[in-house]
Amino acid sequence: MPLVIIAGLPSTGKTTRANQIKEFLQDVNKVKVHIVSENDIIRNKELQKNTIFSDPQKEKVTRGILKSEAIRLLTPDNVVILDAGNYIKGYRYELYCASKNSGSTQVTVETICTKEEAWEWNLSRPEEERYSKECFDALHLRYEIPDSRNRWDSPIFCLQPHESLPGNEIYQALFLRKPPPPNQSTQSAPLSSANFLNELDKITQAIVAEIISAKKCGAEGTIKLPCHGGIVLENISGSCSPAQLARYRRQFLNYAKLHPPSPKETPDGLAQLFGQFLNTTLSALPS
């Protein structure tokens, strides 16, 4: 259930700390832990960090994949560690709202070192994993430092490279305190129309039925569904079962209750929103 947000500048030891937390929780406290890794997402997309962080649209898509995967894994039995820069204050707030909505506790772990040390560590990486000087400097300028006065950043553990992991303190912050109570920003809002949910249910059911039908005909990878003006879906694999599709449909309906689309949205528009949700969710799955 708990969520650990790793935050920090490039090459400051974020992945090292994420692995240390996972090892501590699994070995000492026998807790099931998942790491959602920015590096893994980038490798799976066969891109380089400099390509991602120099293109706002690609970076936004990557953040969306990370958030979607972290939320998907949040269950009463799991700890999820989000290993990424998480340098945008508003994005950390979105993660806080998502964990709050799921009834989870959350902590922030910030990795800290001097810019000079970080640059030296960056140069020691394999060439294909290094940040360019331009990208490295740009991320430093854009970094919004976590602040313990912000409820979405608190509690926070700021760790320098030479410091040992405060494993017991992190465990207590995750498991020995109550999660924040839900409020209007995290509770399901009333739907904008009495027929909205019924309409959305029919649309998403029809799309899932068409995907299953296409898969029975051997379709995989990128497929185009004829319904609602044509919906292009990516990463449709043979292992994507009807039960998984049904679960993703329920997740989308729950999200739509919390964040209802515009009342003016057409059925085709709603179908496209579901298609985008499926593309984001399926792209985050292991290949």
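See the structure above.
Residues numbered from 1 in each chain as written. Predicted model: local features only at pLDDT ≥ 70, side-chain atom pairs only at ≥ 80, totals over all residues. Heavy atoms only, no water.

Quick notes on the overall build of the chain
Thought 1: Within the chain, the secondary structure is distributed over eleven helices and seven strands.
Thought 2: Across the 287 residues of the chain, 44% fall into the buried class.
Thought 3: In the chain, once contacts between residues fewer than 6 apart in sequence are set aside, the share between residues at least 24 apart is 76%.
Thought 4: Accessible area for the chain stands at about 14,900 Å²; split by element, carbon and sulfur atoms hold 51% of it. (Helix = DSSP H or I, 4+ residues; strand = E, 2+ residues; numbered from the N terminus. Buried < 20%, exposed > 50% of the residue type's maximum accessible area, 1.4 Å probe, protein only. Contact = heavy atoms within 4.5 Å. Areas by Shrake-Rupley, 256 points an atom, 1.4 Å probe, with all protein chains shown as cover.)

Remarks on unusual backbone geometry
Thought 1: Look at the link from serine 154 to proline 155: it is a cis peptide, with omega at 0°.
Thought 2: Tracing the backbone through its elements, the reader meets proline 155 in the loop between helix H7 (133-142) and strand E5 (156-159).
Thought 3: A positive phi angle is found at serine 11, which is not glycine, with a value near 60°.
Thought 4: Relative to the helices and strands, serine 11 resides in the loop between strand E1 (3-8) and helix H1 (14-27).
Thought 5: Notably, lysine 30 is not glycine yet its phi reads approximately 55°, a positive angle.
Thought 6: Along the polypeptide, lysine 30 turns up in the loop between H1 and strand E2 (32-37).
Thought 7: The class for lysine 30 is exposed, based on a relative accessible area of 68%.

Topic: the pattern of salt bridges
Thought 1: According to the stated counting rule, one finds nine salt bridges in the structure shown.
Thought 2: Salt bridges here are not isolated pairs; linked through shared partners, they connect Glu59, Arg63 and Arg142. (Salt bridge = Lys/Arg side-chain N within 4 Å of Asp/Glu carboxyl O.)

Comments concerning the packing of helix H9 (residues 196-216) against helix H10 (residues 242-258)
Thought 1: With their axes 10 Å apart at the nearest point, H9 and H10 run at an angle of 155° to one another. Considered as vectors, H9 and H10 are oriented roughly antiparallel to each other. Viewed along their axes, H9 and H10 form a crossing whose handedness is right-handed. Residues Phe196, Leu197, Leu200, Asp201, Thr204, Gln205, Val208, Ile211 and Ile212 of H9 pack against Pro242, Leu245, Arg249, Phe252, Leu253, Ala256 and Lys257 of H10.
Thought 2: The residue inventory of the contact of H9 with H10, partitioned by class, reads eleven nonpolar, two polar and three charged. (Axes fitted to C-alpha atoms, helices over the stretch in contact; angles between N-to-C directions. Parallel < 35°, antiparallel > 145°, perpendicular 65-115°, else oblique. Left-handed = near helix turned anticlockwise from the far one by under 90°. Nonpolar A, V, L, I, M, F, W, Y, C, P; charged D, E, K, R; others polar.)

Quick look at the packing of H1 against helix H8 (residues 167-175)
Thought 1: As a packed pair, H1 and H8 sit with axes 10 Å apart at the nearest point and diverge in direction by 75°. When the axis of H1 is compared with that of H8, the two are roughly perpendicular. Here Ile21, Phe24 and Leu25 of H1 lie close against H8, whose contacting residues are Gly167, Asn168, Ile170, Tyr171 and Leu174.
Thought 2: Residues belonging to the contact of H1 with H8 are distributed by class as follows: six nonpolar, two polar and no charged.

Thoughts on the packing of aromatic side chains
Here the distance between the centres and the angle between the planes together describe a pair of aromatic rings.
Thought 1: Per the stated rule, a full pass over the model turns up seven aromatic pairs.
Thought 2: Between the aromatic rings of tyrosine 93 and tryptophan 152, the centroid separation amounts to 5.2 Å while the plane-to-plane angle is 80°, which identifies the pairing as edge-to-face. Of this pair, tyrosine 93 sits in helix H5 (residues 89-101) while tryptophan 152 sits in the loop between H7 and E5; the two residues are 59 residues apart in sequence, bridging distant segments of the chain.
Thought 3: Exposure remark for tryptophan 152: the relative accessible area of 14% places this residue in the buried category.
Thought 4: Every member of this aromatic cluster is reached through a ring pair, and the members are Tyr93, Tyr96 and Trp152.
Thought 5: If you follow arginine 63 out to its NZ or CZ, it ends over the ring of tyrosine 91, 5.9 Å from the centre.
Thought 6: Sitting over the face of the ring of tryptophan 119, lysine 133 holds its NZ or CZ atom 5.5 Å from the ring centroid. (Phe/Tyr/Trp six-rings, centres within 6.5 Å; stacked < 30°, edge-to-face > 60°. Lys NZ or Arg CZ within 6 Å of the ring centre and 35° of its normal.)

Digging into the side chain of arginine 17
Thought 1: Relative to the elements of secondary structure, arginine 17 occurs in helix H1.
Thought 2: One buried charged side chain, arginine 17, makes no salt bridge at all; its nearest oppositely charged neighbour is glutamate 163, positioned 5.5 Å away.
Thought 3: In this structure arginine 17 touches Thr111, Leu159, Gln160, Pro161, Glu163, Ser164 and Leu165, once residues within four positions along its chain are discounted. (Lys, Arg positive; Asp, Glu negative; His and termini not counted.)

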